[in-house]
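Listed below are the residues making up each chain.
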Amino acid sequence: MVADRITGLLEELRQVIQERDLLSLRAACLAGELAREEAGEAIADVSTADWIRHELRLGYQAAADLVRVGLEMDSLADTVTAVAEHEIGFQHLVFMARTKHQVGAKPFPEDHLLAEAKEVSVGRFWHLCQQARHAADAAGMARDQEWAVEERALRINQQENGMVTLSGVLDPVGGAAVRTALEPLAKRAGKDDPRDHERRLADALVELATHAMDQATPRQRPHLNITATMGTLFMVPGSAAAEMEQGAPICDVTVARIACDCSITRHVFNSDSVLIDLGREKRVVSPKLRKALERRDQHCRWPGCTRPGSWCEAHHVVPWMRGGPTDQRNLVLLCTRHHWQVHEGRWTLYLYSDGHLEVVRPPIDFVAMPRAPTAA
């Protein structure tokens with residue numbers, strides 16, 4: 001019974017989609033006639049596509065596609081017939097019309113593309129149209145890609161609560177490069193990783209940026225400057241939050257994580273906040289020790305994690321602020337995600353004399369704080 005119901009619903013949906021495609025053909029025909037009359041320019045002093053968008057409450061791309069298909073219907077008669085006979089979808093025709101317009105007066109392989117459209121999905125057909133466009137007008141496609149690069153934009157805004165929002169647009173090549181770099185870093189870090197894909201992508205972006213800055217020799221980090229009092233550094237109750245140069249105040253737990261593997265410079269101020277002593281910068285984990293850790297651990301020591309050692313941070317099992325030594329007996333390499341879990345996530349590590357590392361979940365009564373609402 002369930003199978004029969006599903007089959008019936010699918011067939012009804014198929015009929016609705018086919019009826020929609022026929023209506024879309026009629027709509028495109030009307031939009032094409034309006035474009036030939038230059039209706040938008042005559043009435044509203046804008047393009048016909050923009051005028052249709054405004055009058056009919058459409059997105060600009062939807063309105064532009066109707067106009068483009070309408071203007072190319074005569075030159076793509078076989079493809080229009082294929083849509084009318086339900087051999088292909090209306091969106092196949094949209095991509096065909098766009099490509100025909102881009103190619104201009106150059107020869108256009110409608111027969112070849114129509115045969116492909118009958119066999120492939122809309123997504124795959126877009127790629128085939130791009131290939132046909134390049135074959136007919138490589139210079140034109142190159143100009144479009146140059147324009148796309150010039151249109152790259154990234155906006156970084158800080159909200160009142162300290163959260164940072166990103167928005168932007170990338171050209172196809174740039175977008176592919178970013179996705180290719182992020183996706184391997186955004187894989188789940190073992191079976192106990194509850195993060196969704198968007199959270200993992202965000203973490204991957206932060207990790208990628210951090211790793212890029214860490215490539216200065218030898219893994220020095222002047223790029224993230226944090227000012228903290230001794231009380232904050234030693235997590236003394238009542239101490240002020242630490243401050244970053246380009247960000248919101250951060251809590252002592254986060255400072256403790258960053259302090260595991262960083263450079264520290266002592267600044268002494270008098271009661272009037274005047275600097276009276278400036279100590280020398282000192283690495284918590286020396287470059288020589290860092291290399292030894294990478295040779296020993298090779299990758300993140302968290303069970304099941306294979307993030308390469310060069311992408312990891314040195315973690316003090318017993319915090320050096322509490323007297324833990326900075327040597328191989330007290331240090332392990334952890335990737336950014338698992339280092340965060342140990343500090344902010346309250347997981348516990350036990351490093352035994354034989355080198356075995358045990359990972360223990362936080363106490364059952366530890367409840368993570370809920371997310372703060374994003375500022376409007």
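Heads up: the structure comes first, above all this text.
No experiment lies behind these values; they were computed from the predicted model shown.

Parameters and conventions
- Residues numbered from 1 in each chain as written.
- Predicted model: local features only at pLDDT ≥ 70, side-chain atom pairs only at ≥ 80, totals over all residues.
- Heavy atoms only, no water.
- Axes fitted to C-alpha atoms, helices over the stretch in contact; angles between N-to-C directions.
- Helix = DSSP H or I, 4+ residues; strand = E, 2+ residues; numbered from the N terminus.
- Parallel < 35°, antiparallel > 145°, perpendicular 65-115°, else oblique.
- Left-handed = near helix turned anticlockwise from the far one by under 90°.
- Contact = heavy atoms within 4.5 Å.
- Nonpolar A, V, L, I, M, F, W, Y, C, P; charged D, E, K, R; others polar.
- Salt bridge = Lys/Arg side-chain N within 4 Å of Asp/Glu carboxyl O.
- Expected span 1.5 Å × (residues − 1).
- Buried < 20%, exposed > 50% of the residue type's maximum accessible area, 1.4 Å probe, protein only.
- Arc of directions from axis to C-beta.
- Pairing = 2+ DSSP bridges.

(A) The arrangement of the packing of helix α13 (residues 252–259) against helix α15 (residues 336–343) in detail. Running from N to C, α13 and α15 point in directions that differ by 135°, and their axes come no closer than 9 Å. Looking at the two axes, α13 sits oblique to α15. By crossing handedness, the relation of α13 to α15 is classed as right-handed. Taken together, the residues of α15 that come into contact with α13 (itself represented by Val253, Ala256 and Arg257) are His339, Trp340 and His343. Within the contact of α13 with α15, the residues separate by chemical class into three nonpolar, two polar and one charged.

(B) Region of interest: the pattern of salt bridges. A complete count under the given rule lists 19 salt bridges for this structure. Three or more residues are tied together by salt bridges with common partners; here these are Asp193, Arg195, Arg199, Asp203 and Arg337.

(C) Fine view of the environment of Pro184. On the secondary structure map, Pro184 appears in the loop between α10 (172–182) and α11 (197–213). Along the backbone, Pro184 and Ala204 are 20 residues apart, and their C-alpha atoms lie at a distance of 8.5 Å. Residues in contact with Pro184, not counting those within four places in the same chain, are Arg179 and Arg307.

(D) Molecular detail of helix α8 (residues 122–136). Taking 1.5 Å as the rise per residue, α8 with 15 residues should run 21 Å; its terminal C-alpha atoms sit 21 Å apart, in good agreement. Those residues of α8 that sit buried are Phe125, Leu128, Cys129, Ala132 and Arg133. End-on view of α8: buried residues confined to an arc of 145°, all on one side of the axis. The elements touched by buried residues of α8 are α6 (90–103), α7 (110–117) and α9 (138–150).

(E) Broad picture of the pairing of strand β9 (residues 313–316). Burial of the side chains of β9 extends over both faces: Glu313 and His315 are buried on one face and Ala314 and His316 on the other. Looking at chain direction, β9 and strand β10 (residues 331–334) are connected through four bridges and run antiparallel. Following the sheet pairing, His316 is matched in β10 by Leu331.

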